[in-house]
Amino acid sequence: MRTYREQNKVAESDMNAKKSQIAELRHRLAVLEGRLPSAVQLAPVPASAQTEQGPAPLGEVQCTRASESNELSSRIVLGVSKLDRLFARDGLNGASLHEFYASEMRLSGALSGFLCALLSLISKQRAGAVLWITDRTVQQETGIPYPPGLAQFGVDPARIVFVQPNKTEEVLWAMEEGAQCSTLCAVVGEIAGSFRNFDLTVTRRLVLRAEQSGVPVLLARHGAQAHPSAALSRWRIAPKTSRFSGAVRARRFMPSRAFVGNPGWRVTLEKNRDGRPGFCDLEWNHAKRCFKEAPTYSMPMVRRTGNGSSLPERTGQVVALRAYR
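Let me sum up the structure you'll find in this document. What you are looking at is a predicted structure, and each value in this text was computed from that prediction instead of being measured. (Residues numbered from 1 in each chain as written. Predicted model: local features only at pLDDT ≥ 70, side-chain atom pairs only at ≥ 80, totals over all residues. Heavy atoms only, no water.)

1. A short note on the side chain of E190
Mapped onto the elements of the fold, E190 is located in strand β6 (residues 186-192). No salt bridge is formed by the buried E190. Its closest oppositely charged neighbour is R221, at 12 Å. In terms of polar contacts, E190 uses its side chain to reach the side chain of T134, at 3.1 Å. Sequence-distant contacts of E190, defined by excluding residues within four places in its chain, comprise S112, W132, I133, T134, D135, V138, V171, A220 and H222. (Helix = DSSP H or I, 4+ residues; strand = E, 2+ residues; numbered from the N terminus. Buried < 20%, exposed > 50% of the residue type's maximum accessible area, 1.4 Å probe, protein only. Lys, Arg positive; Asp, Glu negative; His and termini not counted. Salt bridge = Lys/Arg side-chain N within 4 Å of Asp/Glu carboxyl O. Polar contact = N/O pair within 3.5 Å; in protein donor to acceptor, adjacent residues only side chain to side chain. Contact = heavy atoms within 4.5 Å.)

2. Considering the pattern of salt bridges
All told, the structure shown has 9 salt bridges when counted by the stated rule. Notably, a salt bridge pairs R75 with D274, separated by 2.7 Å at the nearest N-O pair. Highlighted residues: R75 in strand β1 (residues 75-76) and D274 in the loop between β9 (264-272) and β10 (278-285), separated in sequence by 199 residues. Measuring nitrogen to oxygen at the nearest pair gives 2.8 Å for the salt bridge that ties R221 to E99. With R221 in strand β7 (residues 217-222) and E99 in strand β3 (residues 97-101), the pair connects residues that are 122 residues apart, well separated along the chain.

3. Comments concerning the sheet that holds β3
What links the strands of a sheet is backbone hydrogen bonding, and the strands pair in either a parallel or an antiparallel sense. Pairing in this open sheet of 9 strands is mixed, and the strands run β5-β4-β6-β7-β3-β8-β9-β10-β11 from one edge to the other. At either end of the open sheet lies a strand with only one pairing partner, and these are β5 (160-163) and β11 (290-293). The mean angle between the axes of side-by-side strands here comes to 25°, regardless of whether they run parallel or antiparallel. As judged from the 6 bridges shared by β9 and β10, these two strands associate in the antiparallel manner. In the sheet register, W265 faces β10, and the bridge partner there is L282. The strands touched by helix α8 (residues 168-179) are β4 (130-134), β6 and β7; relative to β6, the strand with the most contacts, the crossing angle is about 170°. (Pairing = 2+ DSSP bridges. Axes fitted to C-alpha atoms, helices over the stretch in contact; angles between N-to-C directions.)

4. Concerning the packing of aromatic side chains
According to the stated counting rule, one finds 9 aromatic pairs in the structure shown. Ring geometry for F114 versus F291: centroids 5.6 Å apart, planes at 35°, classification tilted. Note that F114 is positioned in helix α5 (residues 108-125) and F291 in strand β11, a separation of 177 residues in sequence. A relative accessible area of 2% places F114 in the buried class. Classification of F291 as buried rests on a relative accessible area of 4%. We note K82 situated over the ring of F279; from NZ or CZ to the ring centre the distance is 5.0 Å. (Phe/Tyr/Trp six-rings, centres within 6.5 Å; stacked < 30°, edge-to-face > 60°. Lys NZ or Arg CZ within 6 Å of the ring centre and 35° of its normal.)

5. Thoughts on the pairing of β11
Bridging between β10 and β11 involves 4 bridges; their strand directions are antiparallel. Note on β11: the bridge partner recorded for W284 is F291. Where β10 folds back onto β11 in an antiparallel hairpin, the turn is made up of 4 residues, including R289, whose phi is positive at roughly 55°.

6. Considering the nonpolar core
Among the nonpolar cores identified, the biggest contains 40 residues, and F100, L119, W235, W265, L282 and F291 are the most heavily contacted of them. Counting residues per element, the ones that place at least two in this core are α5, β4, α7 (147-153), β6, β7, β8 (233-239), β9 and β10. No other element matches the 10 residues that α5 contributes to this core. With sequence-adjacent residues up to four places away left out, F100 is seen in contact with L111, F114, L115, L118, L218, L219, A220, R221, W235 and I237. Listed in part, the 22 residues of the second largest apolar core include L131, L172, A210 and A231. (Core = buried A, V, L, I, M, F, W, Y, C linked by side-chain atoms within 4.5 Å.)

7. Some words on α5
Taking 1.5 Å per residue as the helical rise, α5 with its 18 residues ought to reach 26 Å, and the 26 Å between its terminal C-alpha atoms agrees with that figure. Counting buried residues in α5 gives 14 out of 18 residues, a clear majority hidden from the surface. (Expected span 1.5 Å × (residues − 1).)

So this is what it looks like as structure tokens:
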């Protein structure tokens, strides 16, 4: 038989355990809803009080260092300090789900171009094929990836495994199956509009699969708006006017691509569970296969004359007008 004091101690320990579980569940819900960065840790006091004090064993220290090195190697560095500094560590976390969307269907070209540029960076770090899954509605509105265009961004078309499911539900299923394959370079999924089954549960499963396999999962939503999800980051992509390259001044034969400026985007990081939000104007250099921050430039509204002032004569003088009857 237990004494009264022993029963009180057992009840207090059970209550502390329940409080710690409730605090942990609240923390997880806040992270999933995007109200709390994942870097913030709210460890319950009773759980930490039960751990042994003092230095950790040598085996645990080595495992911690190995996990940190693996996390650093899985980072996708964008090469633009303004964007890389928005994260807890430089670059995107490659072992997670990232969401990209365009507010209108006519902006799908900019969204697809940014995905190709990002895949070009990922393909430098990771080997294997790219699993590209496209919804039927997206195929009808925007078409399928163009192999010469992929090669221009630096993505080998031979590494693309293109999947055309019949239903939108099958897109998410194929993405989840591909996220479990650690030999893939990346998984890309494209859907149109706001899909009702695109919720926290589905995206949470994608995040867990990506974290276990270490495969980057990129979800592109064409003609959609911001929607609650468990993705580590959410990006809004919009086109930006590109600068003219100035190759027309060269008095020799130039390819047609030389007369077109570099692709440009206004990239807005609306949600970032691995840091803080922000925005940046980007350009893509096809020759060097890298991003760079787009410089700000302006053009004069009125050109000045070559040999004199651009202002007309007698500017600022008051002239009397004769009245006619």
